[in-house]
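An overview of the molecular structure
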Amino acid sequence: MATSYTIKIQTSNAFLDTGTDSTVYVQLVGKDGKTSTHWEKLDLPWHNDFEPGATDVYNVKFLDIGMPVIIRIKLKGIFGTKDEWLCNKIEVCKGDESVVFPIYDYIIKEAEYTTGEAKIPQKETCEAVQHLRKEEIVNNKKQFEWLPKDKDLGYKGFPRYYNADEYEDLPRIFRRYFKRNKDIQINKLKGAISMAIGKFRSAVNDVSDFDEFDKLSKVLGGDRGDYLQGWDTDEGQGWQMLNGIFPLSFSICKEIPSYFNVTDADVTKLLEGKTIAEQIKAGKLYITDLKSTYEEEFGLERSDLSDGTPSVCPPAVCLFNINDDQRFVPVAIQLVPNDRDYLFTSDGSHDWMLAKMYFRCATSNMHEWVYHFLYTHNTVEPFACSLFRCLSRTHPVYKLLRPHVMTLPAINTVSRHVLLTPDALIAPAMAIKSKSFIKKRYETFNINDVFIPKVLEKQGLDPEKIPQYWYGKDSTRIWKITGDYIRSILHLYYRCDQDVVEDKEVQDWAYENAYEAFGWEDGNRRGVPDKFTSIEQLADLCTIIMTTSSAQHAAVNFGQFETYRFPPNSPGIMRLPVHKRGEANMERIMNSLPTGRQATLSVGLTYAISRFTEVEEFIGTFSEYWFTEEKAIACQKKFKQNLEEFEAEIDERNSRLSRKYIFLKPSRIPNSIAI
C-alpha cells in the first residue's frame, strides 16, 4: 500500500560545484533490510534542484515500508555532466516520524547509507545494515590506503600517513574539508613571507640594532603587545616559558646534573640567600636540560649558514627559580657542558642576555619540530587514516572523532612540501633541519608523550604549585572537560568493558593504530594499544586524539607569531659560536642573531600559520550532525555548556591580570588542525 513520505535533502555549500545537474533517484529500505521501495526520481518542476547550500523538499508516494534504515541514491547524468554531488544530509519523514541520514560526503554515481543512529557492530540486528557496514569498511580500505612500506618519499622514520604524493592525490573528502586547494595554501605561506620581504627590504641584509628587528615585526602585526612585555627581563622570559608556545619544555629539578657546573656561590643571591639544595627540597627549582638533544652524539643535522659553516644551536641547560615574589625566573644557563667558562648567571649583563638568546634558540627548534609538528600534526594524522579505514560511519567512535581529524591529511600533505623539504621556505631560518629532528625524536616517541596530564605528572609540574602557570591550569581543565564528554558518549553505547572487547571494528582500529600507523616500520607500537580491554582505555586514546588536535595544537601554534615576530626574543638560528663569560657586547649579540633575511622568513611564516582560517570551527561547535539520538545530543550540549562556563572563568581571571593567557580559551581552540 502506498503512503506519503517527505524527503528533505541538504546540499553542501563548501564549493561552487558541490551541487549536481544529474538526475537524482532514491530508494528506501525498511527495517527488515529486505523490503524496499521503487526508485523514485527527485525533480521539482521549474526548479534547479541540488544547488550549493540549498535544502530541497520532495513529497513522494512510496510503498509503506515504515521508517527506512537504509537509503540508496543514484545519479544519472546527461552527456558531459559530472556524476558527483556533495550532500550534507537527508531527512525522511512519514507522518510524525522522521529519520536522518548523515552523508557529508561526495556521492559519485551511486551510494547507500544507514541512518544516523550510532551503534557498535555487535548490537546491530538488521542483516542488511550489518552487510552494508562490512562492505563499507572493505571499500574504505581500498580508498584510504596507507603509504606503501616500500615507497620512500623522504619520510621514512615518520609516523605513517596516506598514500598521497601530492595534495591532489588525497581522497576528495579530505580536500573538501580543507576548504582550499593546495595552490592557495602554498601561496598563502609564500605570500606572507614575500609580503614581509617586499615591505621591509632593508631587513634582507644584516641588521645593526634591535630597532631594525622591531620594524620587521611592525610591518606584519603593528606594535608588540603584552605578550612580549619585558621580553629581555628574566620575569618576561620566565612567563613565556610557562605560558608561551613551549610550556612543557621544563621539569622540576630533583638534582643538578653533573655536567651543569652551577654552585651555591654562583646563585645564592639569586635564590635570595637559600642554597640550591634548600630550593630543590622546597620544590622551587625547575630545569630545562637540552644536553642530550643537541650534543653531536645525538646526530641532529644543522642547517648551513651562508658561508657553509653549520648554524649554532647549543646543548644548553637552564635553571629556573620560583622567587619570593612568586615569579618564575631563569637564574643560570650553561651553553657548553662541563665548562664553567660557558656558565652564566642572571646579572643583567650582555653575557646574560646573549646566553638567554642561545637558550631560546634551542627551545625554539625543539618547539617547532617536536612540540608543534611531531607531537600534534604528526601524531594525529595516522589516527585519521586508521579511523576512516577501520570504522563504519555508524560507529560512535567514528562519529565522535571525525570532526577532529578531518583536516589533518590535507594540511600535513601541504606541510611536507612547504615546511619539511631541504629547500623549504623556513629552512634557512632554523638551526636544525626539520626531518632530522623529527626522525630522531620519533625513535623514542611514546603516545604518553602527548597525554598532557601524564606529562605534567611525569615532569613534576603541578599547576597549583607553580605561580602564573596558566597553561598548566587551563590544559588540565580542558582535558577534564573533553574526557568527561568522551566518556559520556562512549557509555551510551558500551554498557560494560566486554562490549569493547567484542567490538570487532574498534579492535581492528586498535591493531592498525599500533602496527600499521605507529609501528609500521619497526614493529614498535610506541605505547599505542593494539587492543582495547576497557571503556576507560578507549576513552583515554580518544581524549588524546581529540585534545591533541584541538587544545594542544592551539596552545603551541597560535602564539608563534607573537613569539617569533621579534627575533631577539626567540631566534630560530644563531650564527656565531657560543660566547665565553666576558665576551658579549652589543656588536657580538647582533652578529650572533639571525640575519635580516633569516628573520624575515621566520616572521613571515609564523605570521601565516598563527592565523585562524576563514572557515575555522571551534571546539564545542557541531556543524555536522553525526549523532542523531537525543541522549548523544544532550551530551554534546553539556560539553558546550561546560566549555562556555570555563571560558567565562578564564575571562574573569584574565580581567585581574596584567598579562592575559588566551590560547586555551575554548572560543580560540579550533576543532581540528587546519593550519
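Residues numbered from 1 in each chain as written. Predicted model: local features only at pLDDT ≥ 70, side-chain atom pairs only at ≥ 80, totals over all residues. Heavy atoms only, no water.

**Regarding the packing of helix α14 (residues 470-493) against helix α17 (residues 535-557)**
One can describe the packing of α14 onto α17 by two numbers: an axis separation of 9 Å at closest approach and a directional angle of 135°. Regarding the angle of α14 to α17, the classification is oblique. Crossing hand, α14 versus α17: right-handed. (Axes fitted to C-alpha atoms, helices over the stretch in contact; angles between N-to-C directions. Helix = DSSP H or I, 4+ residues; strand = E, 2+ residues; numbered from the N terminus. Parallel < 35°, antiparallel > 145°, perpendicular 65-115°, else oblique. Left-handed = near helix turned anticlockwise from the far one by under 90°.)

**Quick word on helix α1 (residues 127-143)**
Between the first and last C-alpha of α1 there are 24 Å, a value that for 17 residues agrees with the 24 Å anticipated at 1.5 Å per step. Listing the buried residues of α1 in full gives V129, L132, R133, E136, I137 and N140. Projected down its long axis, α1 shows its buried positions confined to an angular sector of 135°, all on one face. In α1, the exposed positions angled more than 90 degrees off the buried face are occupied by E127, H131, K134 and K142. (Expected span 1.5 Å × (residues − 1). Buried < 20%, exposed > 50% of the residue type's maximum accessible area, 1.4 Å probe, protein only. Arc of directions from axis to C-beta.)

**Here's the deal with the sheet that holds strand β11 (residues 317-322)**
Reading across the sheet, the five strands line up as β9-β10-β11-β12-β13 and stay open at both edges, with antiparallel pairing between neighbours. Of all strands in the sheet, those bounded by a partner on one side alone are β9 (251-252) and β13 (343-345). Bridging between β11 and strand β12 (residues 328-334) involves six bridges; their strand directions are antiparallel. Its bridge partner being in β12, L319 is matched across the sheet by A332. Helix-sheet contacts for helix α5 (residues 234-243) involve β10 (285-289), β11 and β12, and the interaxial angle to β12 is about 100°. Packing of helix α9 (residues 350-390) onto the sheet brings it into contact with β10, β11, β12 and β13, and relative to β12 it is tilted by some 95°. (Pairing = 2+ DSSP bridges. Contact = heavy atoms within 4.5 Å.)

**So, the sheet that holds strand β3 (residues 40-42)**
Reading across the sheet, the four strands line up as β3-β2-β5-β8 and stay open at both edges, with antiparallel pairing between neighbours. The open sheet is flanked by β3 and β8 (110-114), the only strands paired with a single partner. Here the strands of the sheet are splayed against their neighbours by 25° on average, with no regard to which way each runs. Against the sheet, α1 engages β5 (70-76) and β8, with an angle of about 120° to β8.

**What about the side chain of E368?**
Examined against the element boundaries, E368 turns out to sit in helix α9. Buried and unpaired, E368 has no salt bridge, with R360 as the nearest side chain of opposite charge at 12 Å. Of note is the side chain of E368, whose polar atom sits 2.8 Å from the side chain of H372. In this structure E368 touches F373, M430, Q560 and Y564, once residues within four positions along its chain are discounted. (Lys, Arg positive; Asp, Glu negative; His and termini not counted. Salt bridge = Lys/Arg side-chain N within 4 Å of Asp/Glu carboxyl O. Polar contact = N/O pair within 3.5 Å; in protein donor to acceptor, adjacent residues only side chain to side chain.)

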